[in-house]
Amino acid sequence: YYLKGRQMAYDAIKDHAVAKGWGMDDNDIIDDMIYCLHRYGFSFQDYIAFDFPRKSSLARNEYISDKLRYYYCDILNGEHIEALMTDKYKCYQTYEQYYKREILGCYCINELNKFLSFYSKNNAFIYKPLGSHSGRGIEIIQADKQFNPEGFYLQKIQDGPFVVEELIQQGYEMAQLHPNSINTLRVVSFRNADTVDILLTFLRMGVANSVVDNGGAGGIMANVNIDSGIVDSKGMDFTGAKYAIHPDTNIPIIGYQIPQWLEAKELIAQLAKHIEGTTFISWDIAFSKNGWCLVEANDCGALKGAQMTYGRGLKRELFEMMDNYFVHASN
């Protein structure tokens, strides 16, 4: 087990740009990675993403690890929230007015006619496996004369349930960053009674020919100032590489103004208050030609991207929100 773990740690650092600048022996790095795994609960990927060899023990302790993130979401959100947000179609049915597009859940062969009805109105659509995450398995289908909708459905349903979505018509202001993908914001909200605060916001952009913007799929992330909606960090990917401009479109990343930022924050407040139990939620939103819309909701969305681009941990801000929440709950 230990030797396999060391190999996993080595595999994690060998292709990361940030690790090449540490000037440390690989074995020393791996020893420290294993220490941080057991001392703080940080995965090997988190260790690299957060540039831990350059961080003191106090600075490391300010980061929210995946282990703590899952625990906080578990104790803060309602018991029904995980099941609701894990099923993308049930989530759509609950928040339908905020999606601003048609989505269909496909669970079995007998629902073929529902899919054909959806297809008759949407010859171009996006396919998402229900069990996937980080953008894995997502496809944009641009049907041509050779496309067989029935054959497509019967093939895909063998792999498990999925959803199909009407394509988002992205607004120009966000499309110019990377036109091949829908470039989204990850916004983490914290609700305390009727008050909704934003813990963090970061921009996600696709690269090359990718149709998704997720960091796990090679996308670039950059921090967004919560007050102004202006990008105030360089872009970063999960290898640790930094970008002052987008590598494909040459659009400057730092200083980029998110369009209709006040409207985006108002949407987040509405989403957080829509049902009970959504205390600590990660929302993915996109800027469409009809304004901001919901892409998907995550009951325990990853916080790695924001803490990478911030360059520091956000535990202190989260703990302050949690303290106020539990004081209010006790009253």
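Within every chain, residues take consecutive numbers counted from 1 along the sequence as written. Per-residue local features are limited, in this predicted model, to residues with pLDDT of at least 70; the limit for side-chain atom pairs, both in listing and counting, is 80 or more; totals at the level of whole chains, interfaces and linings are taken over all residues. Values reported for side chains reflect all heavy atoms of the structure, with hydrogen atoms and water molecules removed beforehand.

Draft legend 1. Looking closely at the sheet that holds strand β4 (residues 162-166). Think of it this way: DSSP has to see at least two bridges between two strands before they count as a pair. Every helix listed is a DSSP run of H or I at least four residues long, and every strand listed is a run of E at least two residues long, numbered separately from the N terminus. Across the sheet, which stays open at both edges, the four strands sit in the order β1-β4-β2-β3 with antiparallel pairing between neighbours. Looking at strand neighbours, the two that pair on one side only are β1 (103-106) and β3 (139-142), the edges of this open sheet. Across the sheet, the mean angle from the axis of one strand to that of its neighbour is 25°, orientation sign disregarded. Pairing between strand β2 (residues 124-129) and β4: five bridges, direction antiparallel. Each residue of the ladder has a partner; that of P129, found in β4, is F162. Helix axes are fitted only over the stretch in contact, all axes being lines through C-alpha atoms; the angle between N-to-C directions runs from 0 to 180 degrees.

Draft legend 2. Structural detail: the environment of S189. By secondary structure assignment, the location of S189 is in strand β5 (residues 184-192). Type-normalised accessible area, obtained with a 1.4 Å probe on protein chains alone, sets the label of each residue: buried when under 20%, exposed when over 50%, and partly exposed for intermediate values. Judged by its relative accessible area of 0%, S189 falls in the buried class. A C-alpha to C-alpha distance of 7.3 Å links S189 and I268, two positions 79 residues apart in sequence. We define a polar contact as two N or O atoms separated by no more than 3.5 Å, with the added condition that, inside protein, one atom must be a possible hydrogen donor and the other a possible acceptor, whereas residues neighbouring each other in sequence contribute only through side-chain atom pairs. At 2.8 Å, the side chain of S189 and the side chain of W283 are in polar contact.

Draft legend 3. Looking closely at the pairing of β2. Where burial is concerned, most of β2 is hidden: five out of the six residues are buried. Summarising the sheet, β2 and β3 pair through four bridges and their orientation is antiparallel. The partner of A124 across the bridge, within β3, is Q142.

Draft legend 4. Expanded view of a nonpolar patch on the surface. A contiguous nonpolar surface patch, about 490 Å² in accessible area, is contributed by Y1, Y2 and L3. The residue L3 is located in helix α1 (residues 2-14) in this model. L3 gets classed as exposed once you look at its relative accessible area, which sits at 67%. Patch construction takes residues with relative accessible area above 30% that form no salt bridge. Like charges are linked within 9 Å, and nonpolar side chains (Val, Leu, Ile, Met, Phe, Trp, Tyr) are linked within 5 Å. Each accessible area value is a Shrake-Rupley result obtained with a 1.4 Å probe; residue values ignore everything except the protein chains displayed when judging cover. Salt bridges are counted wherever a side-chain nitrogen of Lys or Arg sits within 4 Å of a carboxyl oxygen of Asp or Glu.

Draft legend 5. Structural view of unusual backbone geometry. Residues other than glycine seldom take positive phi values, yet A193 does so here, at roughly 60°. Within the secondary structure, A193 sits in the loop between β5 and β6 (195-205). Here A193 falls in the partly exposed class, since its relative accessible area comes to 35%. Positive phi, close to 45°, is recorded for Q260, a residue that is not glycine. Examined against the element boundaries, Q260 turns out to sit in the loop between β9 (242-243) and α12 (261-273).

Draft legend 6. Up close: the nonpolar core. Among buried residues, the Ala, Val, Leu, Ile, Met, Phe, Trp, Tyr and Cys ones that are joined through side-chain atoms within 4.5 Å form a nonpolar core. Core analysis: the biggest nonpolar cluster contains 56 residues, and Y95 and I285 have the highest contact counts within it. The element that contributes the greatest number of residues to this core is α12, accounting for five residues. Residue contacts are defined here by distance: any two heavy atoms, one from each residue, within 4.5 Å place the two residues in contact. When near neighbours in sequence (up to four residues on either side) are disregarded, Y95 contacts L84, M85, L271, H274, I275, T278, W283 and L294.

Draft legend 7. Structural context of helix α10 (residues 149-157). Buried within α10 we find P149, F152, Y153, K156 and I157. Taken end-on, α10 shows its buried residues confined to a sector of 115°, consistent with a single buried face. Of the surrounding secondary structure, the elements contacted by the buried residues of α10 are β1, α9 (112-121), β2, β3 and β4. The backbone nitrogen of E150 has a side-chain oxygen 3.2 Å away, supplied by the residue at the start of α10, namely N148. The arc in question is the one spanned by the directions pointing from the helix axis to the C-beta atoms.

Draft legend 8. Layout of the packing of aromatic side chains. Each pair of aromatic rings taken from Phe, Tyr and Trp, with Trp reduced to its six-membered ring, is defined by centres within 6.5 Å and is described as stacked if the planes are under 30 degrees apart, edge-to-face if over 60, and tilted in the remaining cases. By the definition in use, this model includes 33 aromatic pairs. Aromatic side chains F42 and F52 sit 4.9 Å apart centroid to centroid with 85° between the ring planes, which places their arrangement in the edge-to-face category. Of this pair, F42 sits in the loop between α2 (26-39) and α3 (44-49) while F52 sits in the loop between α3 and α4 (57-60); the two residues are 10 residues apart in sequence, bridging distant segments of the chain. Side by side, F42 and F52 carry an identical accessibility label, which is buried. Working rule: Lys NZ or Arg CZ, within 6 Å of ring centre, within 35 degrees of ring normal, means a charge sits over the ring. Stacked on the ring of F238, the Lys or Arg K304 has its end atom at 5.1 Å from the ring centre.

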